[in-house]
Amino acid sequence: MTLRERVEERRRLGSAEAGAFRGSRAYRNFFEGYEEVAVPRGNGRGVRIERIYRGSYYVQEGSDHVWLRRKVLCLLLYLASFLCFAAAAWPSYAGNTAAYTVLAQAVAALLYLWLFTVVCSYIVSGRRMTVSKYKRAVLPMTNAAAAVSFVLLLTAAMQVVYCVINRGGAYAWTGAAAYLAAAGFAALLYRQEKNCRYRTE
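For every chain, the first residue of the written sequence is number 1, and numbering continues from 1 along that sequence. Where totals are concerned, whole chains, interfaces and linings use all residues; where local detail is concerned, this predicted model gives features only for residues with pLDDT of at least 70, and gives and counts side-chain atom pairs only at 80 or more. Excluded from the side-chain calculations are hydrogens and water; all other atoms, namely the structure's heavy atoms, are used.

A.B. asks: Could you give an account of the environment of cysteine 196, with specific residues and numbers?
C.D. replies: Turning to its location among the elements, cysteine 196 is positioned in the loop between helix 7 (170-194) and strand 5 (198-200). In this scheme, a residue with accessible area under 20% of its type's maximum is buried, one over 50% is exposed, and one in between is partly exposed, where area comes from a 1.4 Å probe on protein chains only. Of the residues examined, cysteine 196 reaches a relative accessible area of 6% and is grouped as buried. In the structure, cysteine 196 is positioned 126 residues away from arginine 70 in sequence and 9.3 Å away in space, judged by C-alpha atoms. Ignoring anything within four residues of it in the chain, the contact list for cysteine 196 reads Gln60 and Arg70. Numbering goes from the N terminus for both helices and strands, where a helix is a DSSP run of H or I of at least four residues and a strand is a run of E of at least two. Contacts between residues were defined by any pair of non-hydrogen atoms, one from each residue, lying within 4.5 Å.

In structure tokens, the structure reads:
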């Protein structure tokens, strides 16, 4: 009897143990959509747990070419936004010495780290994603990109306020412009993923 046949047999018999997950919430979320079944070991000593995925698959609409192009664009937009942020946060800009700007930069850096993990998960994900992969690689993308863009806009506004109060020259205003550019690229990343559509199979 194959593994799938064993699972079906346990379902038919109405076993309450079939498919049960006893791990932590993180464990259950990671294996969401899977069903566990205990399979006797070949040597007759104990059992091993095997998992069969029975949930839906999420597939991005469009051709394979469009799917790959979106992955590349996602990476480019992230890199462009981060590089603009790194250039804007350079200590030589006078506005970066203000405590409120430094605090905003720290928050933005943490959000970039979050967005980086989401982008990496998105790039390495396959064409068909399980529920868990979809929730890790797709759902957080818009939230992370929007959060980065919002914080960068606030940081740019702080730079503008600093320049107005201290009558900063053209060089000082360059930092604010770089923050705005970083926010713009993050916003484009948000817009790209927001416009994507997924179907289930």
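A.B. asks: Tell me about the sheet that holds strand 3 (residues 58-60), and name the residues and values.
C.D. replies: A pair of strands is labelled paired if DSSP reports no fewer than 2 bridges between them. Spatially, 4-3-5 is the arrangement adopted by the three strands of the open sheet, whose pairing is antiparallel. Only two strands of the sheet have a single partner each, and these edge strands are strand 4 (128-129) and strand 5. Relative to strand 4, strand 3 runs antiparallel, the two sharing two bridges. Counterpart to tyrosine 58 in the pairing with strand 4 is methionine 129.

A.B. asks: Give me the environment of cysteine 163: which residues, what numbers.
C.D. replies: Tracing the sequence through the fold places cysteine 163 in helix 6 (residues 139-166). Assessed through its relative accessible area of 2%, cysteine 163 is described here as buried. For the pair formed by cysteine 163 and glycine 175, sequence separation is twelve residues and the distance between their alpha carbons is 9.8 Å.

A.B. asks: Go over the side chain of threonine 101, please, and point to the residues and values.
C.D. replies: Tracing the sequence through the fold places threonine 101 in helix 4 (residues 99-124). Overall, threonine 101 belongs to the buried group, its relative accessible area being 0%. Other than its neighbours up to four places away in sequence, threonine 101 contacts Gly95, Asn96, Thr155, Met158 and Tyr179.

A.B. asks: Requested: an account of helix 4, with residues and values cited.
C.D. replies: The periodicity of an α-helix, 3.6 residues per turn, causes residues three or four places apart in sequence to face the same way. What a helix is expected to span follows from its residue count: subtract one and scale by 1.5 Å. Compared with the 38 Å implied by 1.5 Å per residue over 26 residues, the 38 Å span of helix 4 between its first and last C-alpha is a close match. Restricting attention to buried positions, one finds in helix 4 the residues Thr101, Ala104, Gln105, Ala108, Leu111, Tyr112, Leu115, Val118, Val119 and Tyr122.

A.B. asks: Please give an account of the pattern of salt bridges that cites residues and values.
C.D. replies: The term salt bridge refers to a side-chain nitrogen of Lys or Arg lying within 4 Å of a carboxyl oxygen of Asp or Glu. Under the definition given, this model contains three salt bridges. In this structure, glutamate 201 and arginine 199 form a salt bridge, with 3.4 Å as the shortest nitrogen-oxygen distance.

A.B. asks: Can you lay out the packing of helix 4 against helix 6 for me, pointing to particular residues and giving the numbers?
C.D. replies: A packed helix pair is summarised by two numbers, namely the angle formed by the two axes and the spacing between the axes. Note on method: axes are straight lines fitted to C-alpha atoms, helices fitted across the in-contact stretch only, with angles between N-to-C directions ranging 0 to 180 degrees. Contact geometry of helix 4 with helix 6 gives a least axis separation of 9 Å together with a crossing angle of 155°. By the angle class used here, helix 4 and helix 6 are roughly antiparallel. The two elements helix 4 and helix 6 cross, and the hand of that crossing is left-handed. Facing Tyr100, Thr101, Ala104, Val107, Ala108, Leu111, Tyr112, Trp114, Leu115, Val118, Val119 and Tyr122 of helix 4, the residues of helix 6 in contact are Pro140, Met141, Asn143, Ala144, Ala145, Ala147, Val148, Val151, Leu152, Thr155, Met158 and Tyr162. Polar here means any residue other than Ala, Val, Leu, Ile, Met, Phe, Trp, Tyr, Cys and Pro, which are nonpolar, and Asp, Glu, Lys and Arg, which are charged; Gly is therefore polar. When its residues are assigned to classes, the contact of helix 4 with helix 6 shows 21 nonpolar, three polar and no charged. Under this scheme an angle from 65 to 115 degrees is roughly perpendicular, one under 35 degrees roughly parallel, and one over 145 degrees roughly antiparallel; angles in between are oblique. Less than a right angle of anticlockwise turn of the near helix away from the far helix marks a crossing as left-handed, whereas a clockwise turn marks it as right-handed.

A.B. asks: Account for a nonpolar patch on the surface, with residues named and values stated.
C.D. replies: A cluster of nonpolar residues, Val72, Leu73, Leu75, Leu76, Leu79, Phe82 and Leu83, forms a patch on the protein surface that exposes about 610 Å² of accessible area. Structurally, leucine 76 is set in helix 3 (residues 64-88). A patch consists of residues exposed above 30% relative accessible area that lack any salt bridge, with like charges linked at up to 9 Å and nonpolar side chains (Val, Leu, Ile, Met, Phe, Trp, Tyr) linked at up to 5 Å. Only the protein chains shown count as cover for residues, with accessible areas throughout obtained via the Shrake-Rupley method and a probe of 1.4 Å.

A.B. asks: An account of the nonpolar core is requested, with residue identities and associated values reported.
C.D. replies: Only buried Ala, Val, Leu, Ile, Met, Phe, Trp, Tyr and Cys residues count toward a nonpolar core, and they belong to the same one when joined by side-chain atoms within 4.5 Å. In terms of nonpolar packing, the biggest core is built from 32 residues, with Leu115, Met141, Leu152 and Leu189 touching the most fellow members. Counting only elements with at least two residues in this core, the list comes to helix 3, helix 4, helix 5 (131-137), helix 6 and helix 7. Not counting residues within four places of it along the chain, the set of residues in contact with leucine 189 comprises Cys74, Leu77, Leu115, Val119, Met141 and Ala145.

A.B. asks: Before we move on, can you summarise helix 3 with the specific residues and values?
C.D. replies: Taking 1.5 Å as the rise per residue, helix 3 with 25 residues should run 36 Å; its terminal C-alpha atoms sit 36 Å apart, in good agreement. Those residues of helix 3 lying buried are Val66, Trp67, Lys71, Cys74, Leu77, Tyr78, Ser81, Cys84, Phe85 and Ala88.

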